[in-house]
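Structural overview
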Amino acid sequence: MVTIEPIMIKGHFFTAVTVCLPKTTLLTISNGTGYIMCGALDVGLLNSRLVDRKIIAGRAVGVKTIDELLTAPLESVTYEAEQLGIFSGMTGVEALLQMVE
């Protein structure tokens, strides 16, 4: 099952997507600038083989719901996210707000 829902954070809209798969759930929250995702995101791949795409993204591990993704600290972020002021340890909400400011 796939669930797509709009969420608002401090007046800014984002899209939350939950994909239920056998034995795992994929979680993402995005806007037109970038996204945060559960532990399935391979930040190392984005920073090495896809660096030319300049993807703004962050990864939180151990999260099982969209609410947890919003409040969990990011474990890793892409180089491009760092250029935007997004760093490991920020919560999902803090990172998302950096994507609109």
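Heads up: these notes are all about the structure in this document. Not measured: the values here are computed from a predicted model.

Overview of the state of the cysteines
Applying the stated criterion across every chain, the model contains zero disulfides. Residue cysteine 38 stays outside any disulfide, its sulfur separated by 11 Å from that of cysteine 20, the closest cysteine. For cysteine 38, a relative accessible area of 4% gives the class buried.

Section: the nonpolar core
As a rule of thumb, soluble globular proteins bury nonpolar side chains together. Within the largest apolar cluster, 30 residues are counted, with the highest numbers of intra-cluster contacts made by Ile29, Ile36, Ile86 and Leu96. Those elements giving two or more residues to this core turn out to be strand E1 (2-9), strand E2 (12-21), strand E3 (24-30), strand E4 (35-37), helix H1 (43-48), helix H2 (66-71) and helix H4 (92-98). Those residues within four positions of leucine 96 in sequence are excluded, and the remaining contacts are Ile9, Phe14, Ile29, Ile36 and Leu70.

Thoughts on the sheet that holds E1
An order of E1-E2-E3-E4-E5-E6 is seen for the six strands of this open sheet, with the pairing classed as mixed. Pairing within the sheet leaves two strands with one partner each, and these edge strands are E1 and strand E6 (76-77). The sheet contact formed by strand E5 (residues 57-59) and E6 spans two bridges and is antiparallel. Paired with arginine 59 across the strands is serine 76, a residue of E6.

Examining the pattern of salt bridges
Tallied over the full model, the rule gives one salt bridge. Arginine 59 is the salt-bridge partner of glutamate 75, the closest N and O atoms lying 3.1 Å from each other. Of this pair, glutamate 75 sits in the loop between H2 and E6 while arginine 59 is found in strand E5, placing the two residues 16 residues apart along the sequence.

Cut-offs and rules
Residues numbered from 1 in each chain as written. Predicted model: local features only at pLDDT ≥ 70, side-chain atom pairs only at ≥ 80, totals over all residues. Heavy atoms only, no water. Disulfide = S-S within 2.5 Å. Buried < 20%, exposed > 50% of the residue type's maximum accessible area, 1.4 Å probe, protein only. Core = buried A, V, L, I, M, F, W, Y, C linked by side-chain atoms within 4.5 Å. Helix = DSSP H or I, 4+ residues; strand = E, 2+ residues; numbered from the N terminus. Contact = heavy atoms within 4.5 Å. Pairing = 2+ DSSP bridges. Salt bridge = Lys/Arg side-chain N within 4 Å of Asp/Glu carboxyl O.

Take it as geometry only, folks, not as evidence of what the structure does.
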